[in-house]
Amino acid sequence: MIVISNPFFVEDEIEMLNSLLEEGLSLLHIRKPDFSEVEMAQFIHQIKLEFRNKMVLHNHHHLAEDFGINRFHFSEKERKSTSNDPARFSKPCRSKSTSTHSIEDFNSLENDFEYAFLSPVFKSISKENYYPEIDLFEALKSKTNSKTKVIALGGINAENIRKTLENGFDDIALLGSLWNNENPLKQFKLCQKIALSYSQSQV
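Residues numbered from 1 in each chain as written. Predicted model: local features only at pLDDT ≥ 70, side-chain atom pairs only at ≥ 80, totals over all residues. Heavy atoms only, no water.

Asks: Break down the pattern of salt bridges for me, with residues and values.
Replies: Pairs may arise between side chains of opposite charge once their charged atoms sit close together. This model, assessed by the stated rule, comprises ten salt bridges. With a shortest N-O distance of 2.3 Å, Glu22 and Lys48 are connected by a salt bridge. Placement of the pair is Glu22 in helix α1 (residues 13–22) and Lys48 in the loop between α2 (37–45) and β3 (55–57), with a sequence separation of 26 residues. Note on Lys48: relative accessible area 35%, which makes it partly exposed. Among the ionic pairs, Arg79 bridges to Asp105, the shortest N-O distance being 3.0 Å. In this pair, Arg79 sits in helix α4 (residues 76–80) while Asp105 sits in helix α5 (residues 103–107), placing the two residues 26 residues apart along the sequence. On the accessibility criterion, Asp105 (8% relative accessible area) is buried. (Salt bridge = Lys/Arg side-chain N within 4 Å of Asp/Glu carboxyl O. Helix = DSSP H or I, 4+ residues; strand = E, 2+ residues; numbered from the N terminus. Buried < 20%, exposed > 50% of the residue type's maximum accessible area, 1.4 Å probe, protein only.)

Structure, rendered in structure tokens:
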């Protein structure tokens, strides 16, 4: 299970992120589009050292080496820009991920992406008036890219996690369901329990 940081300021966010990681969060995507390089460095510095291998940077990728981070995420726009082609990205990198919004785009990804978000699966919790234009569960039946894991994003919550995984997604990413909840840690534990229960039932 993946958690994406709130793009905006959240009180006690660092404490909350450390708690999520201590509870077994697999990957934490740091997405702070408005952060300066200095703000990003200060933010990363506050997350416990032992969790650096679980962090994924969305921007200021050049800071990664200093912090021992080797996971990078590229937006759809970055991926499609020839000047910032992730395939030619020279930084030490264990894993690259990206964002997609159609099954056609997902299928056309090059093999160097470990996983990709496909969104929105449901009506977004964090973005107003952001709905799926097509049924992504139906679209997944046309998936031909078997090298890249497909991660569900957009409107994922405790009520629909099992349905999402049953319909072909490899994993889920949480954003609004956590940060719009009055108790993000409790919500995370609930979602984690459901996702683990599903994966154990498939063994």
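The rest of the description comes next.
Asks: Pulling in residues and values, what's your account of the nonpolar core?
Replies: A general tendency of soluble globular proteins is for nonpolar side chains to be buried together. Core analysis: the biggest nonpolar cluster contains 61 residues, and Val3, Ile47 and Phe169 have the highest contact counts within it. Take this core: its biggest share by element is five residues, from α1. Here Val3 is in contact with Leu20, Leu25, Leu27, Leu28, His29, Leu174, Leu178, Trp179 and Phe188, once residues within four sequence places are set aside. (Core = buried A, V, L, I, M, F, W, Y, C linked by side-chain atoms within 4.5 Å. Contact = heavy atoms within 4.5 Å.)

Asks: How would you sum up the packing of α1 against helix α9 (residues 184–201)? Please name residues and give values.
Replies: Orientation of α1 relative to α9, taken along the N-to-C sense of each, is 25°, at an axis distance of 10 Å. It follows that α1 is roughly parallel to α9 by the angle criterion. The chirality of how α1 crosses α9 is right-handed. Of the residues in α9, those touching α1 at Met16, Ser19 and Leu20 are Pro184, Leu185 and Phe188. Taken together, the residues that form the contact of α1 with α9 break down as five nonpolar, one polar and no charged. (Axes fitted to C-alpha atoms, helices over the stretch in contact; angles between N-to-C directions. Parallel < 35°, antiparallel > 145°, perpendicular 65-115°, else oblique. Left-handed = near helix turned anticlockwise from the far one by under 90°. Nonpolar A, V, L, I, M, F, W, Y, C, P; charged D, E, K, R; others polar.)

Asks: A description of the environment of Glu50 should follow, citing residues and the corresponding values.
Replies: With respect to the element layout, Glu50 can be found in the loop between α2 and β3. Glu50 gets classed as exposed once you look at its relative accessible area, which sits at 53%. Measuring from C-alpha to C-alpha, the distance between Glu50 and Lys141 comes to 39 Å, with 91 residues separating the pair along the chain.

Asks: Residue-level account of unusual backbone geometry, with values.
Replies: Trans is the prevailing form of peptide bonds, just as negative phi is the prevailing case for residues other than glycine. Cis geometry is adopted by the peptide bond preceding Pro120, which originates at Ser119 and carries an omega value of -5°. Examined against the element boundaries, Pro120 turns out to sit in the loop between β6 (115–118) and α6 (136–139). Of note, the phi angle at Asp12 is positive, near 60°, even though the residue is not glycine. Structurally, Asp12 is set in the loop between β1 (2–4) and α1. A positive phi angle, near 50°, is found at His60, a position not held by glycine. Within the secondary structure layout, His60 lies in the loop between β3 and α3 (64–67).

Asks: Tell me what's going on with α2, and back it up with residues and numbers.
Replies: The set of residues buried in α2 consists of Met40, Ala41, Phe43 and Ile44. Angular distribution of buried residues about the axis of α2 spans 160°; they occupy a single face of the element. Exposed residues pointing more than 90 degrees away from the buried face of α2 are listed as Val38 and His45. Check the buried side of α2 and you find it contacts α1, β2 (27–30), β3 and α3. (Arc of directions from axis to C-beta.)

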